[in-house]
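A look at the structure
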Amino acid sequence: MSIDHRQLGRDLDLFDSDPLIGAGLPFWLPAGSAARYEVESYLRELERRAGYQHVYSPVLGKRQMYELSGHWANFADDMFPPMPMGEEALVLRPSLCPHHALIFKSRQRSYRDLPLRIAEIGGQYRAERSGVLGGLTRVRSMWLNDAHIFCAVPQVGDEVAAILELMRQAHSALGLQVSSYQLSLRGSGGKYAGDDDAWAQAEQLLREALEAAGVPYDAVEGEAAFYGPKIDIQIVDPLGRESTLSTIQVDFHQPAQFDLSYTDPSGGRSRPVMLHRSLVGSMERLFAHLIEVHAGAFPVWYAPVQVVVLPVAPAQADAAEEFARGAVEAGLRVEVDQDGSIGNRIRTAAHRRIPYVAVIGAREAPVGEVALRLRDGRQLPAMAGPDAIAFVASVAASRSPDLLSTVED
Ligand SMILES: [Zn+2]
């Protein structure tokens, strides 16, 4: 079986595309959407516990806003053409930063509010050339796990350290292996905004944070964002290709451009620093990678269907439906499959990488039991239906990578 995410995405009904919708504009089918919903919910909860506040902001903004942010001068080639609206022009956003900067600015802020952590899983758009589009990796529409932290300069070190720890947790839960940490700096010839002092200070803050975290890294010139240096956290796909999954960026430029300020302890106005961070990048690129590293066999907690229930014969159909109802009530994603021979149905479930098959035969139905078969071929002795549901629910809740264990490594 192929491990190409485009092939697996089709085979497992995760996502697809249609020429009439357009190239680089994939849609997520119910199975892929169920997995993504679970991952998004997990990320929001992880962020909530870490003191982030979630917002919603529109995917459009006035061209003027992107002129002010610097995107128009430095990034216009990657943006869709503006849409004229009377005297104004609207553009599809290439990033969420300006919206979040203006959300910061929309209320009076004091040093007591800092660090202010604004998070959103939001849509952003890139005018990629049609020749390079494909699957979930090269797309024109993507949903970014994004956040912006507004803080004072002395708070940057602790914030970056906390972000690195949050990333470690998210990567572990999703089953991702980081290959390297890269400090991405300005290079010659690129387009960059802001003054040299700010760039030097931002670079120094990131170096100190990486060293404090004890993380070995490579400094690479020419890979910075146009507004500041960044830490890029790299992953390797099963074919050995490296790409960036997570980033942390220090930005003095946009807070100045949008004239952001807070009341400092002396009663004066001070300018916050803006940290841009994404724990796992866009949902599209994340899932392209997850599909490939897991070969479609996701951990139980975000598997699209966690249990398929197989009545051996029509006489067990009612028992199967009852078990499935209980599992749905317990928060699990469940299907009942009654079509074809039991052997074929077990093979179909394995092909779909469903973690658990609950077989209910003439022996199990009358006593309310099920026999669980695991995706990897292991089988458990028949157990009471509610016990089987509680077992699967506990593995899912623990976010264990193992089908039999509720203990995280
Ligand atoms: Zn940003």
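Refer to the structure presented above.
Anyway, here's the lowdown on the structure attached to this text. (Residues numbered from 1 in each chain as written. Predicted model: local features only at pLDDT ≥ 70, side-chain atom pairs only at ≥ 80, totals over all residues. Heavy atoms only, no water.)

Before going further, it helps to spend a moment on the overall build of the chain. The helix and strand inventory of the chain stands at 12 helices and 20 strands. Counting only C-alpha atoms and orienting by the principal axes, one finds that the chain spans roughly 75 × 45 × 40 Å. Taken across its 409 residues, the chain has 50% of its residues classed as buried. Excluding contacts between residues fewer than 6 apart, the proportion of contacts in the chain whose partners are at least 24 apart in sequence is 69%. Element-wise, carbon and sulfur atoms account for 50% of the exposed surface of the chain, whose accessible area totals about 18700 Å². Taking the average place of the 39 positive charges on the side chains of the chain and the average place of its 52 negative ones, the gap between the two points comes to 2 Å. (Helix = DSSP H or I, 4+ residues; strand = E, 2+ residues; numbered from the N terminus. Buried < 20%, exposed > 50% of the residue type's maximum accessible area, 1.4 Å probe, protein only. Contact = heavy atoms within 4.5 Å. Areas by Shrake-Rupley, 256 points an atom, 1.4 Å probe, with all protein chains shown as cover. Lys, Arg positive; Asp, Glu negative; His and termini not counted. Charge placed at Lys NZ, Arg CZ, Asp CG, Glu CD.)

Attention shifts here to the coordination of the zinc ion. The protein atoms that coordinate the zinc ion are Cys 97 (SG), His 148 (NE2) and His 276 (ND1), at distances of 2.0 to 2.3 Å. All donor residues of the zinc ion come from one chain, and their arrangement in sequence is C-x50-H-x127-H. Taken together, the positions of Cys 97 in helix α5 (residues 97-105) and His 276 in strand β15 (residues 273-278) put the pair 179 residues apart, joining distant regions of the chain. Using a relative accessible area of 4% as the deciding quantity, one classes Cys 97 as buried. Given the relative accessible area of 3%, His 276 is considered buried. (Donors = N, O, S within 2.8 Å, 3.2 Å for Na, K, Ca; no water.)

Below, the discussion takes up the side chain of His 276. Here the side chain of His 276 touches Asp 251 through a polar contact of 2.8 Å, side chain to side chain. Excluding residues that lie within four positions of it along the chain, His 276 makes contacts with Cys 97, Ala 147, His 148, Tyr 227, Thr 247, Ile 248, Gln 249, Asp 251 and Gln 254. (Polar contact = N/O pair within 3.5 Å; in protein donor to acceptor, adjacent residues only side chain to side chain.)

With that out of the way, let us pick up the pairing of strand β18 (residues 356-360). The element β18 is extensively covered by neighbouring structure, given that five of its five residues are classed as buried. Side chains of β18 alternate between two faces, with Tyr 356, Ala 358 and Ile 360 and Val 357 and Val 359 buried alike. As judged from the five bridges shared by strand β16 (residues 307-311) and β18, these two strands associate in the parallel manner. Its bridge partner lying in β18, Val 307 is registered against Tyr 356. (Pairing = 2+ DSSP bridges.)

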